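Residue-level structural notes
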Amino acid sequence: MIYKRSSALFRDAQKVIPGGVNSPVRAFKAVGGEPVFVERAEGAYLYDEDGNRLVDYIASWGPMILGHAYKPVIDAVINKAKKGTSFGMPTEIETKIAELTVSMVPGIDKIRFVNSGTEACMSAVRLARGFTGKEKIIKFAGCYHGHSDSFLIEAGSGAVTFGVPNSPGVTQGTAKDTLLAKYNDLDSVSELISENKDEIACIILEPVAGNMGCIPPVEGFLQGLRKLCDDHDILLVFDEVMTGFRLARGGAQEVLGIEADIVTFGKVIGGGLPVGAFAAREEIMNHLAPLGPVYQAGTLSGNPLAMAAGLAMLTKLNDSGEVYSSLEEKTAYLHKGLDAVLSKYSIPYTINRLGSMISVHFSDEPVVDFASAALGNNDYFKAFFHGMLSEGVYLPPSAFESWFLNDALSYEDLDHTIAACDGVVKTL
Ligand code: KE4
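It should be emphasised that the depicted structure is a prediction, and the values quoted were computed from it without experimental measurement.

Okay, the sheet that holds strand β14 (residues 403-404) next. The three strands lie next to each other as β11-β12-β14, forming an open sheet whose pairing is antiparallel. Across the chains shown, the open sheet's two edge strands, defined by having one partner strand only, are β11 (350-354) and β14. The sheet contact formed by strand β12 (residues 357-361) and β14 spans two bridges and is antiparallel. In the sheet register, I358 faces β14, and the bridge partner there is W403. Relative to the sheet, helix α12 (residues 322-342) contacts β11, β12 and β14, its axis offset from that of β11 by approximately 175°.

Now for the domain arrangement of the protein. Domain parsing of the protein yields domain 1 (4-69 + 321-425) and domain 2 (71-319). One C-alpha centre belongs to domain 1, the other to domain 2; they are set 24 Å apart. Facing the 36 residues of domain 1 at the interface are 40 residues of domain 2. Summing both partners gives a buried area of about 3000 Å² for domain 1 against domain 2, and 69% of it is carried by carbon and sulfur. There are one salt bridge connecting domain 1 and domain 2. For the salt bridge of K182 with D369, the shortest nitrogen-to-oxygen distance reads 4.0 Å.

Let us look at the site of the ligand. Around the ligand, the surrounding shell holds 17 residues, and the nearest of these are S23, T118, N211, D239 and E401. At 2.6 Å, a side-chain N or O of S23 approaches an oxygen atom of the ligand. The separation between a nitrogen atom of the ligand and a polar main-chain atom of Y144 is 3.3 Å. Here the ligand, which alone exposes 540 Å², has 87% of that area covered by the protein. Taken together, the residues of the shell around the ligand sort by class into five nonpolar, eight polar and four charged. Looking at the shell around the ligand, you find at least three residues from each of domain 1 (4-69 + 321-425) and domain 2 (71-319).

Let us look at the packing of helix α2 (residues 71-81) against helix α11 (residues 304-319). Contact geometry for α2 and α11: axes closest at 8 Å, N-to-C directions at 150°. Judged by the inter-axis angle, α2 sits roughly antiparallel to α11. When you trace α2 past α11, the crossing you get is right-handed. Packed against α2, whose contacting residues are P72, V73, A76, V77, K80 and A81, the element α11 presents P304, L305, A308, A309, A312 and M313 at the interface.

Closest axis-to-axis distance for the α12/helix α15 (residues 411-427) pair is 9 Å, and the angle between their directions is 20°. Considering their axes alone, α12 and α15 lie roughly parallel with respect to each other. α15 is crossed by α12, and the crossing has right-handed handedness. For the pair α12 and α15, the contacting residues are E329, K330, Y333, L334, G337, L338, V341 and L342 in the first and Y411, L414, D415, T417, I418, C421, D422 and V425 in the second. Of the residues assigned to the contact of α12 with α15, the class counts are 10 nonpolar, two polar and four charged.

Rules and cut-offs
- Note on numbering: residues in each chain are counted from 1, in written sequence order.
- With pLDDT at 70 or above as the cut-off, local features in this predicted model cover only qualifying residues; side-chain atom pairs require 80 or more to be listed or tallied, and sums for whole chains, interfaces and linings still use all residues.
- In computing side-chain values, all of the structure's heavy atoms are included and hydrogens and water are not.
- The pairing criterion is simple: DSSP has to find at least two bridges between the two strands.
- Secondary structure follows DSSP: runs of H or I at least 4 residues long count as helices, runs of E at least 2 residues long count as strands, and numbering of each begins at the N terminus.
- Only heavy atoms matter for contacts: two residues are in contact if any of them lie within 4.5 Å across the pair.
- Axis definition: a line fitted to C-alpha atoms, limited for helices to the stretch in contact. Angles are taken between N-to-C directions and run from 0 to 180 degrees.
- Here the bounds of each domain stem from an automatic or database domain assignment.
- Accessible area that two parts lose when put together, evaluated with a 1.4 Å probe and summed over both, is termed the buried area.
- A side-chain nitrogen of Lys or Arg and a carboxyl oxygen of Asp or Glu constitute a salt bridge if their distance falls within 4 Å.
- The cutoff for a nearby residue is simple: one of its non-hydrogen atoms must lie within 4 Å of the molecule or strand.
- Here a polar contact means two N or O atoms within 3.5 Å. Within protein one must be a hydrogen donor candidate and the other an acceptor candidate, and residues neighboring in sequence count only if both atoms are side-chain atoms.
- The Shrake-Rupley method, run with a 1.4 Å probe, gives the accessible areas here. Residue values count only the displayed protein chains as cover.
- Gly is placed with the polar residues, together with every amino acid not listed as nonpolar (Ala, Val, Leu, Ile, Met, Phe, Trp, Tyr, Cys and Pro) or charged (Asp, Glu, Lys and Arg).
- What sets the label is the angle itself: under 35 degrees gives roughly parallel, over 145 gives roughly antiparallel, 65 to 115 gives roughly perpendicular, and the rest give oblique.
- Each crossing is labelled by how the near helix is turned from the far one, with a counterclockwise turn of less than a right angle marking it left-handed and a clockwise turn marking it right-handed.

What follows is the structure in structure tokens.
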């Protein structure tokens, strides 16, 4: 693969953008080398600035679940844009997408739209604190809820990649109110609750972790959290920025059969435009300004173009449930194919999957939390990543990320991916 133009563009970008990127994980720091610049994308494929076609397994980190440049979304945005791009006033389309999400997602009566998953999670925690009158929160090492201060405490995703889980700039005053538990370990949560009696507003987690690579909840974990929250008057917050509308219409709540008190969204809900959201039963949501005392706001929240993209995306997902069964079958096919190939070689590996979220961890230990994810052979992952890239397969440029399938992927694309894996691992 030739990357001359990407390299030149990266050089220019670094002169005016820190690290040449607007989000750290894109910079390839976790895998080495220089980032690929995309010129366009369509269906299952990315087309980079050097004319290489790449089979895409990041789907813009989740949103492109139906494939890139999905026509109904594109048309919706074009048509909406002709009527203006932003008004700072309420519009009917915000009600339309709110009604649709409330009908798709279990346990929510009302929803507030914002502009990113970070904003959704930040606002959800403020709402939980305002509703309960308590200040501390429990998060899990390796889970990532965006880059607001309360969450950059042993966060996953890019924060781990950069080895600065506790980011400079986060004050001790903030950090002291964020308690850290171990994913899939209920005892670690019970201990924190006993040590901080009546001080904990909420427990926030990714119900299926994607920011340590993919790590599903073990049997009983979510049920145990639900009971601990009920027993101790703590709100359970599901960060469904990744899983929302990806695992099912009703996300992880539907698939795993557990209802949270507050749910956050991002990625798919915006159809590729900047949208986040948080939702809960009316009793909680009515604590939000202008009805209640918990303040939260945004100039571009509910932006008509973003709402149009999200509504077109969610309408398709809601109307054609076969997308989810198709994604499940394709991801299972990929899982089976990768397993068949990797088992031929001596490299230790384990594959985690739930729905269309999947990760290959190069480890001989089961990967159930951040500590076990960190035991993976990161050097091997780097070589694997670049090998697959040279075969025209674009994986997430970090071992601490989930792969995301999109429904535009064909079985030929999956077979190409499996064959590429075989060819690459053979040489490593
Ligand atoms: P954003 O602010 O990036 O829209 O959402 C933050 C967020 C919140 N919760 C979960 C579970 C998330 O996965 C994310 C963002 N995910 C990363 C990928 N692991 C976004 C990619 C990036 O940081 O560039």
